[in-house]
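Summary of structural features
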Amino acid sequence: MQDKGSEFVAIQRPGTSIFSAGSRQLRSHWPFAIVAVVGAVLIFTNLGSDYLWEDEGDTAALASNILKFGVPKAWDGGAFLDSDHGARLNRDLVMVTHPWIQYYLTAAAFLVFGENTFAARIPFAIAGWMSILFVYLFVWRLFGNRLTAFSAAALLVFSVQFLLYAKQCRYCSLNMLLVVWLFWSFFKMKSARDCVLFILASVFLFHTHPYGIAPVVALGALSLIYRPFATQRRWILFAAPAIALLTLPWLALSSLSSSGSALNTTAAASLGEFIERCAQAFIESTSVTPLIGSVILFLIAALSIRWKRKDTIDAAPSDSVSAEQQVAPRFFETNETALLLSALLTIVFYGLATAITQSSDSLWLAGMRYGSAVLPLAAMVAALAIAKVSRTSVLFSILLLLVFGLTKLAQLTPWVAGNPSGLIHFGKYSVGAHVPAKMVDRFLGTGLMAYVRDLWRENPGTVAKSCKFLHENAKPGDVLIVNYGMEPTYFYTRLPQAMGILPNYPVYQRARELGLPERVFGVDHARWIVWRSAWETGPGYAINNVLRELTERGGRIVTVMEMEETVWENREDIHFHRFSDGSYLFPRTQTFPSSRIARVDWPND
């Protein structure tokens, strides 16, 4: 049974694991089996149909170079690939700013399945699907309640943001899986073996993304002040030095070997700006998770218990204390309090980590990418809230689950529906909420229907169209100039690229010393130009500069194709995701003229 005392005791049920139970026990989990199957269909269907977008292309291109060099080098002899103009690289042109787990995992998939879109995404899709399993198992083992565990897993499957992250060739789904493993190992940490598992989960989380240290710090801090975690506290003292030893050197290496960390992080200039960032982090987390709905349900449950206590005392005035103790149980059992505190503190720490290092504009643009681990935690909190309100009523639980999963009433969106711009000003500071363009999208989960519809449709963007054109018209070895999306373009075409390094790039002098070919520094022998209108001066040069230099060298430029500029191929953030019919749930902040492909003819051709 679940403990009723004040000290936390993780539920232990020898022989009740799903994998070791008899057929009768397995049958009792059939509702979750349906959720797991539905989740698999939503995640794995047509996993390789849509082209990798720019950030996915970065992962895939560097993973491909791991197969050649053993490390994620930005130069392989064909193209120089670093979206930060070389700031992420050391003197050997190896990417050292971002930890490497996602790149090596993708490289392993390439070894098995070949270098293609499906292979790039499959390890992350598996991690996303396993997150559903881990959430269910963790909640069930902790509370001993299959309905609560079912609700937590189902809320993940209902979440379009979760599904988009799960289908990305990027670290997001790894964060989601590893944070559940971290919680699981922490809650049962009563032996050296459990401590080792906690250390491994912590280190893997960090090396998936540095913000992964946030839940580790949150759990460690909670163990120091929360009495029921006394056992974990002793083991944390052993784990902390090991975790530091296996993570801090990477931060030192990254800071000393490159300028990428400094380039991609900015400190707040004032307390007001920091508060602005925290507010934006709150907006992002509550826009894609049911945290607001969970708070409302907890308040309803608390008021219900209070009224019940009052009625009990009124009915038995001569012995009110005894009546209250007999009829009105504690609001939270120890395990429930422990999970709620751990999850909410972790969510707060993720918000603080991003607010300390990212501007509010950056947070608005990135969404929950850096804090994707919040999604399974919020699902577990929401499942607990549903259980508190519905008590033992299965039908009421399912009704609340459908409200949370199929509408946006549990998210921030409906509460800012009356502000179409989403802008919220306070003094000289401002934050931006995400408000769908259509009123129905502000209240109903129409994004899930669009997502399901797109499972069987191709959704080509600018990268896909340009790469298909080059496949049909370019010859092997043709040199290409592209001002954005260099990584996915190279991954799909393998055409050498020009103008990859300019004199003002931090890596310019080192690239010269290493003897990179002249075309990397200019327009030498360029045959094709793919010019993205949304990124007119992104690499540090404008199209007129390119055309002038080509013309001065005797080249003749002919535009051969125009195409719609989709900005990003298929962004993983629901607020910027483009669906197959070209629609967006949220209004686009800006539209751009057509992008184009041009051919360069030279006199001696």
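Our structure's up above, just so we're on the same page.
Owing to the predicted nature of the structure, the values given are computational and were not obtained by experimental measurement.

Description of the pairing of strand β6 (residues 595–601)
Counting buried positions along β6 gives five out of seven residues, so the element sits mostly inside the fold. Direction of pairing for strand β5 (residues 556–563) relative to β6: antiparallel, over a ladder of seven bridges. Looking at β6, one finds that Thr559 is bridged to Ala598.

Focus on empty space enclosed by the protein
With the rule as written, the count across this model stands at three cavities of 30 Å³ or more. Around the largest cavity, the lining comprises 26 residues; the ones closest to its centre are Phe158, Ser159, Val160, Val288 and Gln411. Counting only elements with at least two residues in the lining of the largest cavity, the list comes to α6 (146–158), α7 (160–166), α18 (374–390), α19 (394–406) and α20 (446–454). Class assignment of the residues belonging to the lining of the largest cavity gives a composition of 14 nonpolar, 11 polar and one charged.

Let's talk about the packing of α18 against α19
Between α18 and α19, whose axes approach to 9 Å, the crossing angle comes to 140 degrees. On the basis of the axis angle, α18 is oblique to α19. Like other packed secondary-structure pairs, α18 and α19 cross with a definite hand, here right-handed. Taking contact as the criterion, the partners of Ala382, Ile386, Val389 and Ser390 in α18 are, on α19, Phe396, Ser397, Leu400, Leu401 and Phe404. When its residues are assigned to classes, the contact of α18 with α19 shows seven nonpolar, two polar and no charged.

A closer look at the pairing of strand β1 (residues 423–426)
Here β1 runs beside strand β2 (residues 429–432); their pairing, made up of four bridges, is antiparallel. Counted as the bridge partner of Ile424 is Val431 from β2. Counted along the chain from β1 to the antiparallel partner β2, the turn is two residues long, and its residue Gly427 has a positive phi close to 65 degrees.

Topic: the packing of aromatic side chains
Applying the stated criterion across every chain, the model contains 28 aromatic pairs. Taken together, a centroid distance of 4.0 Å and an interplanar angle of 15 degrees make the contact between Phe32 and Tyr136 stacked. Linking Phe32 in helix α2 (residues 30–44) with Tyr136 in helix α5 (residues 117–143), this pair joins segments that are 104 residues apart in sequence. On the accessibility criterion, Phe32 (8% relative accessible area) is buried. Between Phe426 and Tyr429, the ring centres sit 6.3 Å apart and the planes meet at 35 degrees, which makes this aromatic pair tilted.

As for the side chain of His98
Looking at the element boundaries, His98 is found in the loop between α3 (54–69) and α4 (101–113). Beyond its immediate chain neighbours, meaning those up to four positions away, His98 contacts Tyr103, Tyr171, Thr208, His209 and Trp250.

Section: a nonpolar patch on the surface
A cluster of nonpolar residues, Leu67, Leu111, Val112, Phe113 and Phe118, forms a patch on the protein surface that exposes about 500 Å² of accessible area. Among the elements that make up the nonpolar patch, the one with the highest residue count is α4 (three residues).

Scoring rules and cut-offs
Per chain, the residues get numbers from 1 upward, laid out in the order the sequence is written. Local features in this predicted model are restricted to residues whose pLDDT is 70 or higher, and side-chain atom pairs enter the listing and the counts only when it is 80 or higher, whereas totals over whole chains, interfaces and linings include all residues. Values reported for side chains reflect all heavy atoms of the structure, with hydrogen atoms and water molecules removed beforehand. Think of it in three bands: residues with accessible area under 20% of the maximum for their type are buried, residues over 50% are exposed, and the middle band is partly exposed, with areas taken using a 1.4 Å probe on protein chains only. A helix here means a DSSP run of H or I that spans at least four residues, while a strand means a run of E at least two residues long, and both kinds are numbered starting from the N terminus. The pairing criterion for strands is at least two bridges between them, as found by DSSP. In this analysis, the protein atoms alone were mapped onto a 1 Å grid. Cavities are point sets where a 1.4 Å probe fits without being able to get out; pockets are open sets with protein on both sides within 12 Å along at least five of seven lines; lining residues have an atom within 4 Å of a point. Grid points are joined across faces, edges and corners, and a volume is the space filled by probe spheres set on the points. Throughout, the ten residues Ala, Val, Leu, Ile, Met, Phe, Trp, Tyr, Cys and Pro are labelled nonpolar, Asp, Glu, Lys and Arg are labelled charged, and all others, Gly among them, are labelled polar. Axis definition: a line fitted to C-alpha atoms, over the contacting stretch in the case of helices. Angles run 0 to 180 degrees between N-to-C directions. Just so you know how the angles are binned, under 35 degrees is roughly parallel, over 145 roughly antiparallel, 65 to 115 roughly perpendicular, and the rest oblique. Should the near helix be turned anticlockwise from the far one by less than a right angle, the crossing is left-handed, and should it be turned clockwise, the crossing is right-handed. Here, residues are in contact when the closest pair of their heavy atoms is within 4.5 Å. Whether two aromatic rings pair depends on their centres lying within 6.5 Å, for rings of Phe, Tyr and Trp, where Trp uses its six-membered ring; planes under 30 degrees apart make the pair stacked, over 60 edge-to-face, and the rest tilted. Patches were defined on residues exceeding 30% relative accessible area and lacking a salt bridge, with like-charge contacts within 9 Å and nonpolar side-chain contacts (Val, Leu, Ile, Met, Phe, Trp, Tyr) within 5 Å. Exposure was quantified through the Shrake-Rupley algorithm and a 1.4 Å probe, taking into account, for residues, occlusion by the shown protein chains and nothing else. Only one rule defines a salt bridge in this text: a Lys or Arg side-chain nitrogen within 4 Å of an Asp or Glu carboxyl oxygen.

As far as function goes, none of this settles anything; it's purely spatial.
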